[in-house]
Amino acid sequence: MKLTRTKAFKTFADPAWYDNPINMQMLGICSALAVTVQLKTAFVMTLAMTFVVSMSGLIISLMRRIIPGNIRIIVELAVIASLVILADEFLKAYFYDISKLLSVFVGLIITNCIILGRAEGFALSNPPHLALIDGLGNGVGYGSVLLSVAFIRELFGSGSIFGFSVIPESAYAAGYEDMGIMMLAPAAFIIIGLMAWVQKYLANSRKS
Amino acid sequence: MVELVSIFLNSVFAGNILLAYFLGMCSFVAVSKNIDTAIGLGFAVVFVLTVTTPVNWLIFHGLLAPGALAWAGLPEVDLSFLKLIVFISVIAAMVQAIEMIIDRFSAALYAGLGIFLPLIAVNCAILGGSLFMVEREMSFIESVVYGFGSGVGWLLAITAMAAARIKLRYADLPSGLEGFGITMIVTGLMAMAFMLFSGITM
Amino acid sequence: MSDTAKSILFALGMCIVCGLLLTAAATGLQKRQEQNRITDRQKNILYTVDLISRDKQYSPEQIVEISENNIRKYQVTPSGKIVSPEEAGGKQTLPIYVYVDKDQIRAYIIPIESQGLWGKIYGYMALEADGSTIAGFTVYQHSETPGLGGEIDKRWFQENFEGKKIVDQNGNFVAIQVAKGDVEKQVPEEKKSHYVDGISGATLTGKYLSQGIEKTLSRYEPVSLCFRKNRLRCRLQETEPAQDEK
């Protein structure tokens, strides 16, 4: 059996590309965009988000037979909130500079619709290993969008990638200027809109 | 007084919780298809933000902040790491309580707002409002004004968006841009327009 | 067991497990977080006097070491005397950091606390030993709108302050203002050294910051005056902080 046909691969690839959580399901863009001014913050946010979505999937899937149905949402929220707090405290202790830039947005992972959606829609009805892989796939899909937006914004907004200047001095001398708009909120909306366009266009042409 | 007015104006315009901080996007995209529901949800957000932000202020400064438990003889205790989990529970509980109160006292209001209230519990604008209130070290009165202002800003943004989307229905868009893509681009343009208000000085 | 009882038991169990786990994590990491906060402030103090470069990375140990070798913390009495923290006791004093190089005061650094558009702005301002020239300025905590007022934590804005004067030609205290736009275009020639370039779209942040800096500087004015008028005396006091002024 080819790798691309296995259930595990499909579980990973579906959320990572085909049903990419940001573009296709329109979920979870809340906290995503505010941290895309720099690649560094977007990258750390991706890691935090992947950690929370995959671990919450795993834990909830492990407990899926014992969680009482009538309080399942609150149990899911409690698991997610605890994981987010863990991630937040960890960042504050080991990556202080970045956690200062992320400010409240790590905390807002709690209300990210992807996580509760995956817990409710996937982890509750699937075995732990698949739930974990599904979480990782969602994290990667989320991260790929976040990092692409951040890449564009950092490259054109501050002329650097991961903080390293990539636009040569000679270009600035010749009259090139960084685009101030890229640092501001509207640019993020427009970039994400254009990305959704491209992905939907490709999906449409694949179908026909 | 001037400070309060400037907090209000800023949370409505230049520092709009949706257009400058990206909070409350999920319901913004999903609900702005219809102008009546958009306005209904907008008012529900104003209401819930105005109530939960000050309530969370009281809870944070009365129980969680470093040294807040001094009255109980525990001045050393710092429970602020619990703020995320406490705030989200308070919001969920408040939404539930508000729903029951409205249901009991005003059938008309319940018919209008009732169905939106459960949606709001997971709206990140609400949690964001409370977290920013802590982050910005606001006083109690400021938190009331800020909660109300953010709600009004959100209402303004979603109403404008719903109105724009009515027009968009008749627009001939390139394949793939319809729906989510164009909504985001219009939101971007709207965010730019709102930023122009940042020049207002008192 | 009924379903309700089971749900309540489960919820209770969850609460206890989550609570214990989080408290353990928070308490375990608290020391490190506190250390990070302190190091971050020390780093910002060092930036203001160019003891470390913003282009390079430093380990926390390096920061602490550079800080301990060069920066000393004192208190300032309302009359402008620099005293050691122990001596100040419970009296009304303000904190001050002094950059000492080869037993010479190079600069003194005062903590800035200002109202912002949203929340408080915290930072440091270093003044050279002549008591009138700004050596550096940093912001380590703020909650201004990213891209607008948030620019105050950017290098271009902070480096703006370097070399500006807080006194006019006649030696009168005038503090420092954030201009509305470019200093070149907006400010008359004779006042240029008391203004820094503003941030477009963040007039209010600039206004609040100007007010905050002026308020802080005027509270520290006695000690600045001492540096301006009587450098030697301030220096002598500094090298032997315990000695009382006659």
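Note that the structure is a prediction, hence the values are computed from the model and not measured.

Visitor: Help me understand helix α5 (residues 113–121) of chain A, please; the structure alone is not making it clear to me.
Guide: For an α-helix, the turn length of 3.6 residues means that residues three or four places apart are oriented alike. Within the span of α5(A), buried status applies to Cys113(A), Ile114(A), Ile115(A), Leu116(A) and Ala119(A). Of the surrounding elements, those touching the buried residues of α5(A) are α2 (39–62), α3 (72–94) and α6 (128–158) of chain A together with α2 (25–31) of chain B.

Visitor: What should I look at first to understand the pattern of salt bridges in this one?
Guide: It is possible for side chains of opposite charge to pair when their charged atoms get near one another. In this structure the tally under the stated criterion is 15 salt bridges over all chains. Residues Lys100(A) and Asp40(C) are paired through a salt bridge, measuring 2.8 Å at the closest nitrogen-oxygen approach. One end of the pair, Lys100(A), is in helix α4 (residues 96–102); the other, Asp40(C), is in helix α1 (residues 3–48), on a second chain. Exposure remark for Lys100(A): the relative accessible area of 33% places this residue in the partly exposed category. One continuous salt-bridge network, built from bridges that share partners, spans Glu184(C), Glu189(C) and Lys192(C).

Visitor: Please clarify how the interface of chain A and chain B should be interpreted in this entry.
Guide: Much of the literature gives interface size as the accessible area that the parts lose upon coming together. Listed by partner, the interface residues are 39 residues for chain A and 37 residues for chain B. Roughly 3300 Å² of surface becomes buried between chain A and chain B when both sides are summed, with 83% attributable to carbon and sulfur atoms. At the surface where chain A touches chain B, the tally comes to 1 salt bridge. Here Lys200(A) makes a salt bridge to Glu178(B), at a shortest N to O gap of 3.9 Å. At the surface where chain A touches chain B, the tally comes to 2 residue pairs in polar contact (both at pLDDT 80 or more). Secondary-structure elements contributing two or more residues to the side of chain A that touches chain B are α3, α5 and α8 (185–207) of chain A. Split into classes, the residues belonging to the side of chain A that touches chain B amount to 28 nonpolar, 8 polar and 3 charged.

Visitor: I would appreciate a short explanation of the sheet that holds strand β1 (residues 71–76) of chain C in the present structure.
Guide: Paired through their backbone hydrogen bonds, the strands of a sheet run either parallel or antiparallel. Residues and elements named next belong to chain C. Across the sheet, 6 strands lie side by side as β2-β1-β3-β4-β5-β6; this open sheet has antiparallel pairing. Every interior strand has two partners, whereas the edge strands, β2 (82–83) and β6 (134–141), have only one. In terms of strand pairing, β1 meets strand β3 (residues 94–101) through 6 bridges, oriented antiparallel. The residue of β3 that forms the bridge with Arg-72 is Val-98. Sheet contacts for α1: β1, β3, β4 (104–115), β5 (120–128) and β6; angle to β6, the most-contacted strand, approximately 155°. Seen against the sheet, helix α6 (residues 203–219) touches β3, β4, β5 and β6 and runs at an angle of roughly 130° to β4.

Visitor: How should helix α9 (residues 180–195) of chain B be read in this particular structure?
Guide: The end-to-end C-alpha distance of α9(B), which contains 16 residues, comes to 22 Å, matching closely the 22 Å that a straight helix rising 1.5 Å per residue would cover. Burial analysis of α9(B) places 13 of its 16 residues in the buried class, which makes it a mostly covered element.

The rules behind these values
Residues numbered from 1 in each chain as written. Chains lettered and ligands numbered in written order. Predicted model: local features only at pLDDT ≥ 70, side-chain atom pairs only at ≥ 80, totals over all residues. Heavy atoms only, no water. Buried < 20%, exposed > 50% of the residue type's maximum accessible area, 1.4 Å probe, protein only. Helix = DSSP H or I, 4+ residues; strand = E, 2+ residues; numbered from the N terminus. Contact = heavy atoms within 4.5 Å. Salt bridge = Lys/Arg side-chain N within 4 Å of Asp/Glu carboxyl O. Buried area = accessible area lost by both parts, 1.4 Å probe. Polar contact = N/O pair within 3.5 Å; in protein donor to acceptor, adjacent residues only side chain to side chain. Nonpolar A, V, L, I, M, F, W, Y, C, P; charged D, E, K, R; others polar. Pairing = 2+ DSSP bridges. Axes fitted to C-alpha atoms, helices over the stretch in contact; angles between N-to-C directions. Expected span 1.5 Å × (residues − 1).

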